[in-house]
Amino acid sequence: DAGVTQTPRHEVAEKGQTIILKCEPVSGHNDLFWYRQTKIQGLELLSYFRSKSLMEDGGAFKDRFKAEMLNSSFSTLKIQPTEPKDSAVYLCASSLDGNTLYFGEGSRLIVV
Amino acid sequence: QQKVQQSPESLSVPEGGMASLNCTSSDRNFQYFWWYRQHSGEGPKALMSIFSDGDKKEGRFTAHLNKASLHVSLHIRDSQPSDSALYFCAASENYAQGLTFGLGTRVSVFP
C-alpha cells in the first residue's frame, strides 16, 4: 500500500510569494492532518479534516494558512503571502480512525 | 508553555543498553498518549499508544502511564543503532482528535 505522499519535498520561495503544498493520504483513511515542524516549536497542528470536513484549524495559523481537502484523496495547504518565519517542514498525516497517524516525509519550505 | 513536556532533551545510550524517556502533560484533559519516532529526513512513525494506567510492552519497547500524575515514560531495552532518532510523546483529549506533541527527545545509540 502506498503511504502518505507529499509534494514538493523541497521548496524555496521569496517573501510574499504564494506556496501550495500537496498531500495524498493513505487510501481509505478518513482523517487528514497538517502539521508544521520547527526545532523551536516542535510539531504544531495546522488543520484537521474528518471525511473532508474541517474539524480543527490552529487558531494562530488562520491568517495566511489555508488547508483544503478537495476530495478524499487529495489535500492542499496554501500559504499566502509567505514570510521568512514560515520556513519549516510541513507534514501531512492521515489516519483511519483518528488513532494512529501515518505521516508523509514532509515538504521542507525555505522562505528568503 | 508546552502542554506536553519531554525530558531529557537528548540522551546517549550504549548499544545494548536501556534508554528511558519521560513525558509529562500539564493538561488534565489529556487522556490518550502515544509515542512516535522520527528518523532524520523522514516523517514521524507511531511506536505505540497507551491509554490505561500501568505498563504496555511491545517488543523491546515498554510504555508506562500514570494518569494521576499525567506522566508517561518509554523504555527501550537492548538499544540498537537503528533506535537513534527523535522520539515524540503525543497526547489528546479524545480518541479521535488532532494530537498535541512534545518537543521530543533525541536518542543516540553508540557502539
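Structural data are supplied above this passage.
Residues numbered from 1 in each chain as written. Chains lettered and ligands numbered in written order. Predicted model: local features only at pLDDT ≥ 70, side-chain atom pairs only at ≥ 80, totals over all residues. Heavy atoms only, no water.

> Kindly report on a nonpolar patch on the surface, identifying the contributing residues and their values.
A cluster of nonpolar side chains, Val12, Ile110 and Val112 of chain A, forms an exposed patch at the surface whose accessible area comes to about 280 Å². Position of Ile110 of chain A among the secondary structure elements: in strand 11 (residues 107–111). (Patch = residues over 30% accessible without salt bridge, like charges linked within 9 Å, V, L, I, M, F, W, Y side chains within 5 Å. Areas by Shrake-Rupley, 256 points an atom, 1.4 Å probe, with all protein chains shown as cover. Salt bridge = Lys/Arg side-chain N within 4 Å of Asp/Glu carboxyl O. Helix = DSSP H or I, 4+ residues; strand = E, 2+ residues; numbered from the N terminus.)

> Can you lay out the interface of chain B and chain A for me, pointing to particular residues and giving the numbers?
With 19 residues of chain B in contact, the opposing surface of chain A contributes 21 residues. Taking both partners together, chain B and chain A bury about 1500 Å²; carbon and sulfur atoms supply 50% of that area. Taken together, the connections running from chain B to chain A amount to zero salt bridges. The element best represented in the side of chain B that touches chain A is strand 4 (residues 32–38) of chain B, accounting for three residues. (Contact = heavy atoms within 4.5 Å. Buried area = accessible area lost by both parts, 1.4 Å probe.)

> So, the nonpolar core: which residues are in play, and what are the values?
The nonpolar side chains of a soluble globular protein tend to be buried with one another. Judged by nonpolar contacts, the single largest core of 24 residues is most densely connected at Leu21, Phe33, Trp35, Leu74 and Tyr87 of chain B. Counting only elements with at least two residues in this core, the list comes to strand 3 (19–25), strand 4, strand 5 (45–50), strand 7 (61–66), strand 8 (71–76), strand 9 (85–92) and strand 11 (105–110) of chain B. With four residues, strand 9 of chain B is the largest single contributor of residues to this core. The contacts of Phe33 of chain B, once residues within four sequence positions are left out, are Ser25, Met48, Ser49, Ile50, Phe51, Leu65, Leu70, Val72, Ala90 and Ala91 of chain B. In terms of nonpolar packing, the next biggest core, distinct from the first, is built from 20 residues, Trp34, Phe49, Leu77 and Val111 of chain A among them. (Core = buried A, V, L, I, M, F, W, Y, C linked by side-chain atoms within 4.5 Å. Buried < 20%, exposed > 50% of the residue type's maximum accessible area, 1.4 Å probe, protein only.)

> How would you explain the side chain of Ser107 of chain A if you had to name every residue and give the values?
Residues and elements named next belong to chain A. Mapped onto the secondary structure, Ser107 falls in strand 11. For Ser107, a relative accessible area of 2% corresponds to the buried category. Only 2.6 Å separates the side chain of Ser107 from the backbone oxygen of Pro8, close enough to count as a polar contact. (Polar contact = N/O pair within 3.5 Å; in protein donor to acceptor, adjacent residues only side chain to side chain.)

> Which residues make up the sheet that holds strand 1 (residues 4–7) of chain B, and what values go with them?
All names here are of chain B. In spatial order, the strands read 1-3-8-7-6; together these five strands make up an open sheet with antiparallel pairing. The open sheet terminates on both sides in strands that have one partner only, identified here as strand 1 and strand 6 (54–58). For this sheet, the mean angle separating the axes of adjacent strands, direction not counted, is 20°. (Pairing = 2+ DSSP bridges. Axes fitted to C-alpha atoms, helices over the stretch in contact; angles between N-to-C directions.)

> Could you give an account of the sheet that holds strand 7 (residues 65–71) of chain A, with specific residues and numbers?
Residues and elements named next belong to chain A. What the four strands build is an open sheet, ordered 1-3-8-7; its pairing is antiparallel. Two strands in the sheet have a free side with no partner beyond their single neighbour: strand 1 (5–7) and strand 7. The average angle at which neighbouring strand axes cross in this sheet is 20°, direction not considered. By the bridge criterion, six bridges tie strand 7 to strand 8 (residues 74–79) in an arrangement that is antiparallel. Across the sheet, Lys66 pairs through a bridge with Lys78, a residue of strand 8.

> Please set out the pattern of salt bridges residue by residue, giving values where relevant.
All names here are of chain A. Tallied over the entire structure, the rule returns eleven salt bridges over all chains. Taking the shortest distance from any N to any O, the salt bridge between Lys85 and Glu83 comes out at 3.6 Å. Owing to a relative accessible area of 59%, Lys85 belongs among the exposed residues under this scheme. Taken together, the shared-partner salt bridges connect Arg64, Glu83, Lys85 and Asp86 into one network.

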